[in-house]
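Working through the structure, step by step
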Amino acid sequence: MIQMSLPYTNSRMEFTFKIVLIGDMQVGKTSIRERYMGEGFPTHYMPTLGADFSIKDIDLETAKIRWMIWDLAGHHTFSVVRERYYYGAVGALVVYDITNKESFDHIPLWIDEFWKNSFDNKKFPILLIGNKIDLEWKRKVMEEHVTEYLEKLNQECHSYGFHVDHIYTSAKNNININDAFKKFAQILIDFVSKTERRIK
Ligand code: G3D
Ligand code: MG
């Protein structure tokens, strides 16, 4: 039975976060998930959704996190499938390939789609990932593209209660993969804590 829940706290600092990996095909979403999981971790394929998901528990200094990481396995065609894929996700890792400018230019579309389909149309946090940094010599997405876009995005996200960060990774060479998830965990914890305070 798959639980697609909002974040919950079992005790004060235990969280379950369902997150989705989004971005154009071939940017490295599956490679990032597999690298993060490490070898030998089972992956669960959901045929009706055409998606894979993995579960990973981590201990941070401040909290224990259970990740439910969803990754669209096949071609991302039917909107009905996509809506169900996003259901209950409280965050998205938005991945582009630094050697493919188009994949960077499509980021706003991916973010819109996530927010449109998320619970209650709520603007949940995202983290931008520039993958394939091992191919820096083939780079097409320049630092100024990233800075400019982040600035614009953060003007918007300020009112939603979170800050959007960006991190470079290489799934191939295992650069920053753990750090990306760690960073995102902290962003989600801060977001959830703020939201809870607003509700009280
Ligand atoms: P996707 O799940 O976003 O569609 P995949 O992407 O994880 O399937 O990766 C697409 C291709 O990019 C794969 O190559 C994969 O090996 C490669 N790739 C993923 N991450 C990196 C990276 O950090 N650096 C480099 N150099 N390549 C990467 P193939 O050849 O199998 O299509
Ligand atoms: Mg994939």
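One can find the structure itself at the top, above this paragraph.
All figures in this text were calculated on a predicted structure; none of them were measured in a lab.

Definitions and cut-offs
Residues numbered from 1 in each chain as written. Chains lettered and ligands numbered in written order. Predicted model: local features only at pLDDT ≥ 70, side-chain atom pairs only at ≥ 80, totals over all residues. Heavy atoms only, no water. Near = heavy atom within 4 Å. Polar contact = N/O pair within 3.5 Å; in protein donor to acceptor, adjacent residues only side chain to side chain. Areas by Shrake-Rupley, 256 points an atom, 1.4 Å probe, with all protein chains shown as cover. Helix = DSSP H or I, 4+ residues; strand = E, 2+ residues; numbered from the N terminus. Nonpolar A, V, L, I, M, F, W, Y, C, P; charged D, E, K, R; others polar. Axes fitted to C-alpha atoms, helices over the stretch in contact; angles between N-to-C directions. Parallel < 35°, antiparallel > 145°, perpendicular 65-115°, else oblique. Contact = heavy atoms within 4.5 Å. Buried < 20%, exposed > 50% of the residue type's maximum accessible area, 1.4 Å probe, protein only. Arc of directions from axis to C-beta. Salt bridge = Lys/Arg side-chain N within 4 Å of Asp/Glu carboxyl O. Phe/Tyr/Trp six-rings, centres within 6.5 Å; stacked < 30°, edge-to-face > 60°. Pairing = 2+ DSSP bridges.

Among the 15 residues in the neighbourhood of ligand 1, the closest are listed as Q26, K29, S31, D134 and A171. Between ligand 1 and the protein, one listed contact pairs an oxygen atom with a side-chain N or O atom of K132 at 3.0 Å. Isolated, ligand 1 exposes 650 Å² of accessible area, and the fraction of that covered by the protein chains is 66%. For the shell around ligand 1, the element with the highest residue contribution is helix 1 (residues 29–37), accounting for three residues. Partitioned by chemical class, the residues of the shell around ligand 1 number four nonpolar, six polar and five charged.

Moving on to the packing of helix 2 (residues 79–86) against helix 4 (residues 107–117). Where helix 2 contacts helix 4, the two axes come as close as 9 Å, and the packing angle between them is 70 degrees. Taken together, the axis directions place helix 2 and helix 4 in an arrangement best described as roughly perpendicular. Across the interface between the two elements, R82, E83 and Y86 from helix 2 touch W110, E113, F114 and N117 from helix 4. A class-by-class count of the residues in the contact of helix 2 with helix 4 yields three nonpolar, one polar and three charged.

The next thing to look at is helix 2. Taken residue by residue, helix 2 has R82, Y85 and Y86 as its buried positions. End-on view of helix 2: buried residues confined to an arc of 90 degrees, all on one side of the axis. The inward-facing, buried residues of helix 2 contact strand 1 (14–22), strand 3 (51–59), strand 4 (64–72) and helix 4. Among the residues trailing helix 2, G88 stands out with phi positive, at a value near 85 degrees.

Tallying each qualifying case throughout the model produces nine salt bridges. K132 is the salt-bridge partner of D97, the closest N and O atoms lying 3.4 Å from each other. Here D97 is found in strand 5 (residues 91–97), whereas its partner K132 is found in the loop between strand 6 (126–131) and helix 5 (143–157), with 35 residues between them in sequence. For D97, a relative accessible area of 6% corresponds to the buried category. Since its relative accessible area comes to 22%, K132 is described here as partly exposed.

Within the secondary structure, N131 is located in strand 6. The exposure class assigned to N131 is buried, which follows from its relative accessible area of 2%. Polar side-chain contacts of N131 include one of 2.8 Å to the side chain of T169. Discounting residues that sit within four places of it in the chain, N131 has contacts with V27, G28, I32, V95, Y96, D97, I98, T169, S170 and A171.

In total, this model carries 14 aromatic pairs according to the counting rule given. Relative to Y149, the ring of F104 lies with its centre 5.9 Å away and its plane at 80 degrees, an arrangement referred to as edge-to-face. Here the residue F104 occupies a position in helix 3 (residues 101–105), and Y149 occupies one in helix 5, the gap between them amounting to 45 residues. Here F162 and F191 contribute two aromatic rings whose centre-to-centre distance is 5.8 Å and whose plane-to-plane angle is 80 degrees, an arrangement assigned as edge-to-face. Linking F162 in the loop between helix 5 and strand 7 (165–168) with F191 in helix 6 (residues 177–199), this pair joins segments that are 29 residues apart in sequence. Through a chain of ring-to-ring contacts, the aromatic side chains of F15, F17, Y36, W67, F181 and F184 assemble into a single cluster.

Judged by pairing direction, the sheet is mixed, and its seven strands sit side by side in the order 2-3-4-1-5-6-7 without closing on themselves. If you trace the sheet from one side to the other, it starts and ends with strand 2 (44–46) and strand 7, each paired once. The average undirected angle you get between the axes of adjacent strands in this sheet is 25 degrees. As paired strands, strand 6 and strand 7 are joined by four bridges and run parallel to one another. Of the residues in strand 7, the one forming a bridge with L127 is D165. Helix 5 rests against strand 5, strand 6 and strand 7 of the sheet, and its axis sits at about 155 degrees to strand 7.

Functional significance is not addressed by these values, which are geometric in nature.
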